[in-house]
2 protein chains.
Amino acid sequence: MAQLLKVQCFTVTADGYGAGDDQRLDQPFGHLSPQELFTRRSNTASGAFGDGGPQTRGIDDLFARDMHHGIGAEIMGRNKFSPFRGPFEDHPEWEGWWGDAPPFHTPVFVLSHFNRAPLTLSDTTFHFVSGPLDAVLEEAKAAANGRDVRLGGGATTIREFLDADLVDTLHIVVSPLTAGHGVRLWERPEDLLDRFHLERIPSPSGVEHLLLWRRTA
Amino acid sequence: MAQLLKVQCFTVTADGYGAGDDQRLDQPFGHLSPQELFTRRSNTASGAFGDGGPQTRGIDDLFARDMHHGIGAEIMGRNKFSPFRGPFEDHPEWEGWWGDAPPFHTPVFVLSHFNRAPLTLSDTTFHFVSGPLDAVLEEAKAAANGRDVRLGGGATTIREFLDADLVDTLHIVVSPLTAGHGVRLWERPEDLLDRFHLERIPSPSGVEHLLLWRRTA
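Residues numbered from 1 in each chain as written. Chains lettered and ligands numbered in written order. Predicted model: local features only at pLDDT ≥ 70, side-chain atom pairs only at ≥ 80, totals over all residues.

**Student:** Lay out the overall build of chain A with the relevant residues and their values.
**Tutor:** Helix and strand counts for chain A stand at 5 helices and 11 strands. For chain A, whose C-alpha radius of gyration is 17 Å, the value lies close to the compact-globule estimate of 17 Å for 217 residues. Taken along its principal axes, the extent of the C-alpha atoms in chain A is 45 × 45 × 30 Å. Here chain A holds 217 residues, and the buried ones make up 42% of them. Looking at chain A alone, contacts between residues at least 24 apart form 63% of all its contacts between residues at least 6 apart. (Helix = DSSP H or I, 4+ residues; strand = E, 2+ residues; numbered from the N terminus. Rg over C-alpha atoms; globule rule 2.2 N^0.38 Å. Buried ≥ 20, exposed ≤ 12 C-beta atoms within 10 Å, placed from the backbone. Contact = placed C-beta atoms within 7 Å.)

Below, the structure is given as structure tokens:
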């Protein structure tokens with residue numbers, strides 16, 4: 001089976017923003033509060049954001065469980081890896097948001113125009129790459145060892161791969177929050193209907209799960 | 001994390017039947033046609049019943065993909081394994097419905113009052129067991145090597161494990177078909193609300209996915 005490029009569990013606001021303005025160390029999603037943005041999936045048994053509340057095993061949990069399933073590599077934008085801009089040498093101590101044991105467990109390709117040597121933390125290795133998107137995708141597929149590649153965001157990175165027509169499937173979580181301004185994925189998902197099928201799955205938690213997959217030619 | 005006993009992708013009719021009456025070799029689901037019963041999930045990219053039509057990657061596909069995920073063993077009733085009744089010696093040639101490469105890829109525990117030596121086909125080994133349900137579950141958990149155990153059906157077997165309060169989660173697919181008579185799982189899922197949470201997820205394909213998970217004490 002062909003290897004796919006998949007967006008998995010990427011959250012946007014009801015008005016289509018993946019992050020707010022003014023992303024920095026003390027506010028990784030800019031003016032949007034991650035607590036608000038992700039609140040609806042924080043309590044699932046398989047979710048990454050457990051807050052000690054009762055754990056659900058409904059539809060939100062199924063999506064959380066599927067996030068890493070069959071994935072052999074991730075591609076992410078520089079702004080997902082780091083709150084800093086400019087050369088990596090300016091913040092040599094920065095090793096990502098995830099501590100000593102990042103949740104990826106695969107090679108991760110970080111898009112950046114600046115160079116940096118590969119960084120290995122536990123079973124995750126971050127590679128810093130500046131090639132054209134299709135070349136980065138080929139590199140990630142080769143590293144994924146037959147499994148699929150997850151496109152981890154942020155919104156700008158997903159948008160670039162969509163514009164290059166390199167994305168095969170998307171699972172987007174729509175939070176009931178509105179942002180008003182920030183980093184936008186789309187105005188509305190229907191803008192992609194010329195190239196993608198779309199299913200809208202409302203969750204009892206209040207979020208809506210969108211599933212898009214490429215129309216075959 | 002504790003090992004769970006999970007029902008995954010088990011299909012019933014709108015009136016709660018998992019199979020019709022008069023199950024036999026030429027009609028494995030009795031008077032119900034499997035083509036009708038399973039039609040809505042036949043075209044997903046990960047589904048077991050591909051019929052050559054366009055493959056969807058929506059919510060039905062997500063459930064199909066999750067069916068084997070994290071599962072280390074299956075427990076099934078005798079009537080899922082074989083259309084015959086009585087001692088296995090009467091049909092020594094019978095090796096299940098699935099050919100030389102069954103889709104389980106794990107140990108499978110077949111409940112039966114009759115003895116039979118273990119049967120290995122490719123990477124699946126069928127063990128024929130007659131113990132009390134809780135002992136069979138312990139045996140399956142030990143064989144699952146830390147992963148969860150799937151309860152594969154049929155409806156009577158699921159019902160028995162529910163009555164013994166041994167089931168942790170259920171994913172039931174409700175087909176829009178009605179059966180009128182046959183082997184019943186339940187009158188209505190709400191009968192389990194004293195012990196389980198319930199989410200109802202309608203699919204654009206026309207089936208409804210039910211997710212039930214045990215209320216913690």
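Having seen it, we continue.
**Student:** Requested: an account of the pairing of strand 1 (residues 5-12) of chain A, with residues and values cited.
**Tutor:** Residues and elements named next belong to chain A. Across the 8 residues of strand 1, 8 count as buried, placing the element largely inside the fold. Where strand 1 and strand 7 (residues 148-151) come together, 2 bridges link them in parallel fashion. Bridging across to strand 7, lysine 6 finds its partner in arginine 150. Pairing of strand 1 with strand 8 (residues 169-174) involves 5 bridges; the strand directions are parallel. Bridge assignment links phenylalanine 10 to a residue of strand 8, and that residue is isoleucine 172. (Pairing = 2+ DSSP bridges.)

**Student:** So, the sheet that holds strand 7 (residues 148-151) of chain B: which residues are in play, and what are the values?
**Tutor:** Residue and element names in this part refer to chain B. One open sheet holds the 9 strands; their spatial order is 5-6-4-3-7-1-8-11-10, and the pairing between them is mixed. Taken across any chain shown, the strands that pair with only one partner, and hence form the sheet edges, are strand 5 (119-121) and strand 10 (196-202). Pairwise comparison of adjacent strand axes, ignoring direction, gives a mean angle of 20° for this sheet. Taken strand by strand, helix 5 (residues 155-163) contacts strand 1 (5-12), strand 3 (71-77), strand 4 (107-111) and strand 7, and its axis lies near 140° from that of strand 1. (Axes fitted to C-alpha atoms, helices over the stretch in contact; angles between N-to-C directions.)

**Student:** Describe the environment of A:Arg188, listing the residues and the values that go with them.
**Tutor:** All names here are of chain A. The topology assignment puts arginine 188 in the loop between strand 9 (183-184) and strand 10 (196-202). Under the C-beta neighbour-count criterion, arginine 188 is labelled exposed, with 9 such atoms within 10 Å. Between the C-alpha atoms of arginine 188 and glutamate 74, which are 114 residues apart in sequence, the distance is 25 Å.

**Student:** Please give an account of the interface of chain A and chain B that cites residues and values.
**Tutor:** At the junction of the two partners, chain A supplies 13 residues and chain B supplies 13 residues. Where the side of chain A that touches chain B is concerned, the elements lending two or more residues are helix 2 (59-66), strand 10 and strand 11 (208-214) of chain A. Among the elements that make up the side of chain A that touches chain B, the one with the highest residue count is helix 2 of chain A (4 residues). Broken down by class, the residue content of the side of chain A that touches chain B amounts to 6 nonpolar, 3 polar and 4 charged. (Nonpolar A, V, L, I, M, F, W, Y, C, P; charged D, E, K, R; others polar.)

**Student:** Break down helix 5 of chain B for me, citing the residues and quoting the values.
**Tutor:** Residues and elements named next belong to chain B. Along helix 5, the residues classified as buried are Ala155, Thr157, Ile158, Phe161 and Leu162. Taken down its axis, helix 5 places every buried residue within 165° of arc, on the same side. Taken from the residues just after helix 5, aspartate 165 is the one with a positive phi, measuring 60°. (Arc of directions from axis to C-beta.)

**Student:** Which residues make up the relation of the copies chain A and chain B, and what values go with them?
**Tutor:** Overlaying chain A with chain B gives an RMSD of 0.0 Å, the required rotation being 180° about an axis along which the chain moves by 0.0 Å. One copy is carried onto the other by what is essentially a two-fold rotation axis. Looking at chain A, 100% of its interface residues are interface residues in chain B too, so the copies touch through the same face. (Least-squares fit on C-alpha atoms with pLDDT ≥ 70 in both.)

**Student:** Would you mind going over the sheet that holds strand 6 (residues 124-129) of chain A in detail, with residue names and values included?
**Tutor:** Residues and elements named next belong to chain A. Reading across the sheet, the 9 strands line up as 5-6-4-3-7-1-8-11-10 and stay open at both edges, with mixed pairing between neighbours. What marks the edges here is a single partner per strand, and that holds for strand 5 (119-121) and strand 10. Adjacent strand axes in the sheet meet at a mean angle of 20°, parallel and antiparallel pairs treated alike. Of the strands in this sheet, strand 1, strand 8, strand 10 and strand 11 are in contact with helix 2, which crosses strand 1 at around 135°.

**Student:** Which residues make up the environment of B:Leu37, and what are the values?
**Tutor:** Residue and element names in this part refer to chain B. Residue position: leucine 37 is located in helix 1 (residues 34-38). As for leucine 37 and lysine 6, which are separated by 31 residues in sequence, their C-alpha atoms are 21 Å apart. Here leucine 37 is in contact with Thr11, Phe29, Leu32, Ser175 and Leu177, once residues within four sequence places are set aside.

**Student:** Account for the packing of helix 2 of chain A against helix 2 (residues 59-66) of chain B, naming residues and giving values.
**Tutor:** Two elements in contact, helix 2 of chain A and helix 2 of chain B, have axes whose closest approach is 11 Å; the angle formed by their N-to-C orientations is 65°. For helix 2 of chain A against helix 2 of chain B, the interelement crossing comes out left-handed. Facing A:Leu62, A:Arg65 and A:Asp66 of helix 2 of chain A, the residues of helix 2 of chain B in contact are B:Leu62, B:Arg65 and B:Asp66. Of the residues that constitute the contact of helix 2 of chain A with helix 2 of chain B, the class distribution is 2 nonpolar, no polar and 4 charged. (Left-handed = near helix turned anticlockwise from the far one by under 90°.)

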